[in-house]
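# What the coordinates show
These are the residues of each chain, in order.
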Amino acid sequence: MSPQDPIGASSRPPLQLHIPEPPARPGQAPRFDHLPFSPAGAIRRPDPGVAEPEMRDLPYGLIRVLDDEGRAVGPWDPGLDAETLRRGLKVMAQTRAFDDRMFRAQRQGKTSFYMKSTGEEAIGAAQSMMLDRDDMCFPTYRVLSWLWARDYPMLDLVNQIFSNEGDPLKGRQLPILFSARDYGFYSLSGNLGTRFSQAVGWAMASAYRGDTKIALAYVGDGTTAEGDFHEALTFAAVYRAPVILCVTNNQWAISSYAGIAGAESTTFAAKAIAYGLPGLRVDGNDFLAVWAATVWAAERARTNKGATLIEFVTYRAAGHSTSDDPTRYRPAEEAACWPLGDPIERLKTHLIARGEWSAERHTQMEAELADGVRAAVKEGERIGTLGQSKPPVRQMFEDVFKEPDWRVLEQRRELGV
Amino acid sequence: MPKMDMIQALNSALDVMMSRDPDVLVFGEDVGYFGGVFRVTDGLQRKHGLKRCFDTPISEGGIIATAIGMGAYGLRPVAEIQFADYILPAFDQLVSEAARLRYRSGGEFWAPITVRSPYGGGIFGGQTHSQSPEAIFAHVTGLKTVIPSNPYDAKGLLIASIEDDDPVIFLEPKRIYNGPFDGHHDRALKTWAESPGSDVPEGHYTVPLGKAAVVREGREATVLAYGTMVHVAKSGIEESGVDAELIDLRSIVPLDIDTIVASVRKTGRCIILHEASRFGGFGGELSSLVQERCFYHLKSPIGRVAGWDTPYPHAFEWDYFPGPARLAAALKRVMED
Ligand SMILES: Cc1ncc(C[n+]2csc(CCOP(=O)(O)OP(=O)(O)O)c2C)c(N)n1
Ligand SMILES: [Mg+2]
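Residues numbered from 1 in each chain as written. Chains lettered and ligands numbered in written order. Predicted model: local features only at pLDDT ≥ 70, side-chain atom pairs only at ≥ 80, totals over all residues. Heavy atoms only, no water.

- Per an unreviewed UniProt entry, chain B carries the name 3-methyl-2-oxobutanoate dehydrogenase (2-methylpropanoyl-transferring) and comes from Nitrospirillum amazonense.
- For the record of chain B, the UniProt heading Cofactor (unreviewed entry) holds the text "thiamine diphosphate". (UniProt positions renumbered as here; feature names shortened; annotations may be inferred.)

- Labelled according to an unreviewed UniProt entry, chain A appears under the name 2-oxoisovalerate dehydrogenase subunit alpha, originating from Nitrospirillum amazonense.
- Recorded under Cofactor (unreviewed entry), the UniProt text for chain A is reproduced unchanged: "thiamine diphosphate".
- In UniProt, chain A has this text filed under Catalytic activity (unreviewed entry): "N(6)-[(R)-lipoyl]-L-lysyl-[protein] + 3-methyl-2-oxobutanoate + H(+) = N(6)-[(R)-S(8)-2-methylpropanoyldihydrolipoyl]-L-lysyl-[protein] + CO2".

As structure tokens, this is what we get:
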């Protein structure tokens, strides 16, 4: 050591800035070998009452129930009856039918915007069916299946998407940034992540009142980078809030792969460990695994054991939204190569293997669902698509405050409504 | 001279600066490989490399905070916030940090950062893709706020912002990225190529911050506007039949007070037009300044035409958006006083 070179600085290597890059871009072969997958049935199922330090292996495994042949295997098999599974299948298929129809409607100029959840339908469907009607979901735009699982009236959502006179949100929100309080579906907004910690507050309120309701919230993989995600985990851990915090890791955030959100170094489920919360990493394309993980987390929440972080490993099989062309940034065949398959196909195969379903019944169901969607859209079109019909313009000025103040009253008069 | 639309002009500004100065970095959500959701950073990663144009996590607070840290170190970061509506998670970093670093450290540290963000309405973007938050930045001492209205200015102002040693919020009116929208949503959009302001030099030039442009000379009233509203004002003035002078502020901080005062003293009437909601909007500041400096020259009360005091509603895009008819009515009203 010399005074000129106090700690050997001159012999150090130059530092290098690291920027993550996805395994494949357009023109390259899709690859998923960077992701840890476990075989179906391989992950243990601790008792939900066990203390968190006993299960720090779980965030690095992948909880799966359905194997490649469509059999339900292993300790997480929720043992659901065929009727429940057929219902789940129908909810997922309806989600897809609705998405396809509304995506086309946007292309035909009937509305401004739409977002599909293709490939991710199992998550909202199973969780909505499994949780109670008075539990509250803090959704993202990619869990409309939650609503279909609760028989939300399709026409009302069509009207919202068309921003027409029948829009239950009075023309004020972008399509599918929805709200349906009676269906346990908290108000959505365009800004990502902000409701994740509100769900914790909702759950804390239920605990404060001594109620039995719990809350569930979603963020995408990309959105885990927002402060809201970390605030939610901190508050949930500190107050042992009865909440289920879910990350839908669909591998992409618009054009950024999950590595840009930190997935190069660890799993999203493993983020729970530092907060002292259980973290489950679950096959999000496996209806049974989603269901089973939710049962487990709900039991913890309902018995005052606190929050669980669940990462659902899935794949965004469609573009981000109607404004997006995913072939510009990822291989076109990537979706077809996704190792966890398609949630609808997988549950269908399982039911058929159990002798509880058939290809013919499936085709018939799809036709019926398409008819149902078509009828609802027709009805919505009769009221009017975007620009042809809208709620009364005075609605623009209402609900700014509970009671309108003079500014709003004056401006309404100025506009003559 | 090549014709450019707003997106090409902004892209060219970034390219010119990245080529001249290795300390200029461009980052933000989806700006790297993909080139940004509005394509403003298209091709920059391919040309300048992964380390100079890259994607960030979805964390606006993190984007601005790391930009400040890099800027304090000596780089010149240009961060993109995908929509100005989503700048709010970074608000503390902008207000408490970027804006004050130089002041509180006695000049030891500063934040020469540029924060680009598409803003404004007119695209059926609903509540969270349409807002105009310029006034909340203008209120913060230590931040500059720039809003171009055409491709030539966009490039020159962006280069000037990047070269500026203080933090600049650079708001890009997304409704005019592809053409000078004049508020007539039922008519075909003119392209930039057929409109003034689209002859853009390929190389380096600047449009100085704090220098307004007199877009149209007039004798009877002064209209103050910026961004998309410059084009709305043009058609509104025409439709009113009033011989109004139109001033494009180009930056609201620094503000070209001399040009404003000279015009209002000449015309004796002043209307301020902005998309942002009216109460507490930047029009309030402009109105006070004009009143303080031009009171004895005014022939009528200063008028404001602005968005209503509600969130930006999806179905009511054109009921909310302050279009040319509302400006024309306001101009006729002040002429009656
Ligand atoms: C605060 C905020 N920043 C940026 C955006 C723009 N944006 C909308 S969706 C999206 C990607 C979200 O990705 P992810 O969280 O993975 O959810 P996914 O769309 O994949 O379901 C971005 C960046 C936004 N809506 N809100
Ligand atoms: Mg995602």
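### Focus on the side chain of Gln106(A)
All names here are of chain A.
- Tracing the sequence through the fold places Gln-106 in helix H1 (residues 82-107).
- For Gln-106, a relative accessible area of 14% translates into the label buried.
- Those residues in contact with Gln-106, other than ones at most four positions away along the chain, are Thr-111, Ser-112, Phe-113, Tyr-114 and Thr-322. (Helix = DSSP H or I, 4+ residues; strand = E, 2+ residues; numbered from the N terminus. Buried < 20%, exposed > 50% of the residue type's maximum accessible area, 1.4 Å probe, protein only. Contact = heavy atoms within 4.5 Å.)

### A look at the environment of Thr212(A)
Residues and elements named next belong to chain A.
- Among the structural elements, Thr-212 can be located in the loop between helix H5 (196-209) and strand S2 (215-220).
- Along the sequence, Thr-212 and Ala-293 sit 81 residues apart, while their C-alpha atoms lie 19 Å from each other.
- Once residues within four sequence positions are removed from consideration, Thr-212 is found in contact with Asp-135, Ser-206 and Arg-302.

### Here's the deal with the sheet that holds strand S7 (residues 308-313) of chain A
All names here are of chain A.
- What the five strands build is an open sheet, ordered S1-S2-S3-S7-S6; its pairing is parallel. Each end of this open sheet is capped by a strand with a single partner; those strands are strand S1 (136-138) and strand S6 (279-283). Averaged over all adjacent pairs, the angle separating strand axes in this sheet is 20 degrees, with direction ignored.
- Of the strand pairs in this sheet, S1 and S2 are connected by three bridges, and their pairing is parallel. Bridging from a neighbouring strand, Met-136 pairs with Ala-215 of S2. (Pairing = 2+ DSSP bridges. Axes fitted to C-alpha atoms, helices over the stretch in contact; angles between N-to-C directions.)

### Describing the nonpolar core
- Within the largest apolar cluster, 80 residues are counted, with the highest numbers of intra-cluster contacts made by Phe98(A), Leu147(A), Leu157(A), Phe185(A), Ile244(A), Leu280(A) and Phe287(A).
- Ranked by the residues each element gives to this core, the list is headed by helix H8 (residues 287-302) of chain A, at eleven residues.
- Not counting residues within four places of it along the chain, the set of residues in contact with Phe185(A) comprises Met136(A), Cys137(A), Pro139(A), Val143(A), Leu144(A), Trp146(A), Leu147(A), Phe178(A), Ser179(A) and Ala180(A).
- Counting residues in each nonpolar core, the second largest holds 62 residues, with Ile7(B), Leu157(B), Phe181(B) and Met229(B) among its members. (Core = buried A, V, L, I, M, F, W, Y, C linked by side-chain atoms within 4.5 Å.)

### Regarding the domain arrangement of chain A
- Looking at the assigned domains, one finds that chain A contains domain 1 (50-386) and domain 2 (393-417).
- Put simply, the middle of domain 1 of chain A and the middle of domain 2 of chain A, counted by C-alpha atoms, are 37 Å apart. (Domains from an automatic or database assignment.)

### Re a nonpolar patch on the surface
- Together, Phe235(A), Val238(A) and Tyr239(A) make up a nonpolar patch on the protein surface, roughly 330 Å² of accessible area in all.
- Mapping Phe235(A) onto the fold places it in helix H6 (residues 227-238). (Patch = residues over 30% accessible without salt bridge, like charges linked within 9 Å, V, L, I, M, F, W, Y side chains within 5 Å. Areas by Shrake-Rupley, 256 points an atom, 1.4 Å probe, with all protein chains shown as cover. Salt bridge = Lys/Arg side-chain N within 4 Å of Asp/Glu carboxyl O.)

### Some points on the UniProt feature "domain: Dehydrogenase E1 component" (unreviewed entry) in chain A
- Sites flagged by UniProt as "domain: Dehydrogenase E1 component" (unreviewed entry) map to residues 90-382 of chain A.
- Spanning residues 90-382 of chain A, this segment combines 44% helix with 11% strand, and its end C-alpha atoms are found 27 Å apart.

### Regarding the site of ligand 1
- Of all residues adjacent to ligand 1, which total 20 residues, the nearest are Tyr141(A), Arg142(A), Thr223(A), Trp252(A) and Glu60(B).
- More than one chain reaches ligand 1: the nearby residues come from chains A and B.
- Between ligand 1 and Asn250(A) there is a distance of 2.9 Å, counted from an oxygen atom to a side-chain nitrogen or oxygen.
- Here Gln82(B) contributes a side-chain N or O atom positioned 3.5 Å from a nitrogen atom of ligand 1.
- Protein burial of ligand 1: of its 590 Å² of free accessible surface, 96% is covered by the chains.
- For the shell around ligand 1, the per-class residue count stands at seven nonpolar, eight polar and five charged. (Near = heavy atom within 4 Å. Polar contact = N/O pair within 3.5 Å; in protein donor to acceptor, adjacent residues only side chain to side chain. Nonpolar A, V, L, I, M, F, W, Y, C, P; charged D, E, K, R; others polar.)

### Some points on the coordination of the magnesium ion (ligand 2)
Residue and element names in this part refer to chain A.
- Protein-derived ligands of the magnesium ion (ligand 2) are Asp-221 (OD), Asn-250 (OD1) and Trp-252 (O), with the metal-ligand distances lying across 2.1 to 2.2 Å.
- Read from N- to C-terminus, the donor residues coordinating the magnesium ion (ligand 2) fall into the pattern D-x28-N-x1-W. With Asp-221 in the loop between S2 and H6 and Trp-252 in strand S4 (residues 252-253), the pair connects residues that are 31 residues apart, well separated along the chain. Trp-252 carries the same exposure label as Asp-221, and that label is buried. (Donors = N, O, S within 2.8 Å, 3.2 Å for Na, K, Ca; no water.)

### So, helix H4 (residues 91-98) of chain B
Residue and element names in this part refer to chain B.
- Buried within H4 we find Leu-94, Val-95 and Ala-98. Buried residues of H4, seen end-on, are gathered within an arc of 125 degrees and therefore sit on one face of the element.
- On its buried face, H4 sits against helix H3 (60-73), helix H5 (101-104), strand S4 (114-119), helix H6 (134-138) and strand S6 (168-173). (Arc of directions from axis to C-beta.)

### A look at the interface of chain A and chain B
- Taken together, the contacts link 44 residues of chain A with 37 residues of chain B.
- Interface of chain A and chain B: buried area, both sides summed, is about 3500 Å²; carbon and sulfur atoms make up 64% of it.
- On the chain A side of the contact with chain B, Ile19(A), Met396(A) and Gln411(A) bury the most area, a combined 17% of that side's loss.
- Taken together, the connections running from chain A to chain B amount to one salt bridge.
- The partner of Lys390(A) in a salt bridge is Asp319(B), and the shortest N-O contact between them spans 2.7 Å.
- Here chain A is connected to chain B by twelve residue pairs in polar contact (both at pLDDT 80 or more).
- Sorting elements by how many residues they give to the side of chain A that touches chain B places helix H12 (residues 406-415) of chain A first, with six residues.
- Along the lines of polarity and charge, the residues of the side of chain A that touches chain B split into 21 nonpolar, 13 polar and ten charged. (Buried area = accessible area lost by both parts, 1.4 Å probe.)

### Overview of the packing of H1(A) against helix H11 (residues 359-383) of chain A
Residues and elements named next belong to chain A.
- Where H1 contacts H11, the two axes come as close as 9 Å, and the packing angle between them is 45 degrees. Taken together, the axes of H1 and H11 are oblique relative to one another. You can see that H1 and H11 cross each other, and the crossing is right-handed. In this structure, H1 uses Arg-86, Leu-89, Lys-90, Ala-93, Gln-94, Ala-97, Phe-98, Arg-101 and Met-102 to contact H11, whose residues at the interface are Arg-361, His-362, Met-365, Leu-369, Val-373, Val-377 and Glu-381.
- Of the residues belonging to the contact of H1 with H11, the class tally is nine nonpolar, two polar and five charged. (Parallel < 35°, antiparallel > 145°, perpendicular 65-115°, else oblique. Left-handed = near helix turned anticlockwise from the far one by under 90°.)

### Some details on the domain arrangement of chain B
Residue and element names in this part refer to chain B.
- Annotation of chain B at the domain level lists domain 1 (6-194) and domain 2 (213-336).
- Between domain 1 and domain 2, the C-alpha centre-to-centre distance is 25 Å.
- The interface of domain 1 with domain 2 comprises 33 residues on the first partner and 27 residues on the second.
- Of the roughly 2500 Å² buried at the junction of domain 1 and domain 2 (both faces included), carbon and sulfur atoms supply 62%.
- Connecting domain 1 to domain 2 are one salt bridge.
- In this structure, the salt-bridge partner of Asp-153 is Arg-250, at a minimum N-O distance of 3.2 Å.
- In this assembly, domain 1 and domain 2 are joined by 15 residue pairs in polar contact (both at pLDDT 80 or more).

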